[in-house]
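# Report on the structure
Here are the chains, one letter per residue:
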Amino acid sequence: MEIFLDTANIEQIRQGAKLGVVSGVTTNPSLMAKEDTADYEAVVKEICTIIPGPVSAEVVVEGTEAMIEEARKIAAWAPNVVVKIPATAEGLEVTSALAKETIKVNFTLCFSLNQALLGALAGAAFVSPFVGRLDDAGHDGMELVEDIVDTFEYYQLPAKVIAASIRHPQHCLAAAKAGADIATVPYKVLTQMIQHPLTDVGVARFLSDWQSISKRKGK
Ligand code: G3P
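For the structure given in this document, a descriptive report is provided here.

### What to know about the packing of aromatic side chains
Within the structure shown, the criterion is met by four aromatic pairs. When the ring of Tyr40 is compared with that of Trp77, the centres are 6.1 Å apart and the planes differ by 85 degrees; the resulting orientation is edge-to-face. Of this pair, Tyr40 sits in helix H3 (residues 40–50) while Trp77 is found in the loop between helix H4 (64–75) and strand S4 (81–86), placing the two residues 37 residues apart along the sequence. With relative accessibility at 15%, the residue Tyr40 sits in the buried group.

### Quick look at the site of the ligand
Around the ligand sit Asp6, Asn28, Leu31, Phe130, Arg133, Ala164, Ser165, Arg167 and Thr184, and that is every residue in its neighbourhood. Here an oxygen atom of the ligand and a side-chain polar atom of Asp6 are 2.7 Å apart. Measuring from an oxygen atom of the ligand, one finds a side-chain N or O atom of Ser165 at 2.6 Å. A per-class count over the shell around the ligand returns three nonpolar, three polar and three charged.

### Some points on the packing of helix H1 (residues 10–19) against H3
Interaxial distance between H1 and H3 falls to 10 Å at its minimum, and their mutual angle equals 10 degrees. As judged from the angle between their axes, H1 and H3 are roughly parallel. Mapping the contact onto sequence places Ile10, Ile13, Arg14 and Ala17 in H1 and Val43, Glu46, Ile47 and Ile50 in H3. Class assignment of the residues belonging to the contact of H1 with H3 gives a composition of six nonpolar, no polar and two charged.

### Notes on the sheet that holds strand S1 (residues 2–6)
Reading around the barrel, the eight strands line up as S1-S2-S3-S4-S5-S6-S7-S8 and close back on themselves, with parallel pairing between neighbours. Adjacent strand axes in the sheet meet at a mean angle of 25 degrees, parallel and antiparallel pairs treated alike. Summarising the sheet, strand S5 (residues 105–110) and strand S6 (residues 126–129) pair through three bridges and their orientation is parallel. Residue pairing for S6: Phe107 is matched across the bridge by Val127.

### Side note on the packing of helix H8 (residues 141–154) against helix H9 (residues 169–178)
As a packed pair, H8 and H9 sit with axes 9 Å apart at the nearest point and diverge in direction by 25 degrees. Accordingly, the angle class assigned to the pair H8 and H9 is roughly parallel. The chirality of how H8 crosses H9 is right-handed. Taking contact as the criterion, the partners of Met142, Val145, Glu146 and Val149 in H8 are, on H9, His171, Ala174, Ala175 and Ala178.

### Examining unusual backbone geometry
Phi is positive for Leu109, which is not a glycine, with a value near 55 degrees. Here Leu109 is to be found in strand S5. Its identity is not glycine, yet Ser165 carries a phi of approximately 55 degrees, on the positive side. The class for Ser165 is buried, based on a relative accessible area of 9%.

Rules and cut-offs
- Residues numbered from 1 in each chain as written.
- Predicted model: local features only at pLDDT ≥ 70, side-chain atom pairs only at ≥ 80, totals over all residues.
- Heavy atoms only, no water.
- Phe/Tyr/Trp six-rings, centres within 6.5 Å; stacked < 30°, edge-to-face > 60°.
- Helix = DSSP H or I, 4+ residues; strand = E, 2+ residues; numbered from the N terminus.
- Buried < 20%, exposed > 50% of the residue type's maximum accessible area, 1.4 Å probe, protein only.
- Near = heavy atom within 4 Å.
- Polar contact = N/O pair within 3.5 Å; in protein donor to acceptor, adjacent residues only side chain to side chain.
- Nonpolar A, V, L, I, M, F, W, Y, C, P; charged D, E, K, R; others polar.
- Axes fitted to C-alpha atoms, helices over the stretch in contact; angles between N-to-C directions.
- Parallel < 35°, antiparallel > 145°, perpendicular 65-115°, else oblique.
- Contact = heavy atoms within 4.5 Å.
- Pairing = 2+ DSSP bridges.
- Left-handed = near helix turned anticlockwise from the far one by under 90°.

In short, the description is geometric, and any link to function would need to be established separately.
Below, the structure written as structure tokens:
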């Protein structure tokens, strides 16, 4: 399973890139609103220079023609930009049109297998089931990821499954077990994934034992 960072924060993306495990980024208007800038284009372009893999940027207008037009503009920002289109009837039409132009689409705000299936049939490169938001609503978000993965595999649909709206490390390991192609994670979750108290205890013990050997050598 690949790891994408779910953020529009440049510093977090730079830090994540240093770890060498981040192969893409997903943004959305809410993540952008947390940053101290109004220039979405400049932010996405900068992210694309830091991470060479897919960087998702969302279309935020309504109406199929306006969405297609904006998607074309966003897709021209950088060769690795992926356009996020919501899983609506309009979004489906837009996804089909963009796929014909070989513009990569991330079919987002997916909350059902039907939405995911239609997005994949329309030619989306990625579909994003929102795990945490389904959990919040009393459903099992990861069950949806499992169903999408199984269905795409059964019907040999090429769309990649991004487990999105990830809230904690448990979501990441469940996404990996479910066979998600990608988990897009907040920076905090990425840092939590590597942490284990027994590793910290082990490192501290090895260091102190090594110091006692060094002291012995000094005698
Ligand atoms: O990847 C989708 C994500 O940005 C939504 O996360 O936590 O707002 O549900 P959340």
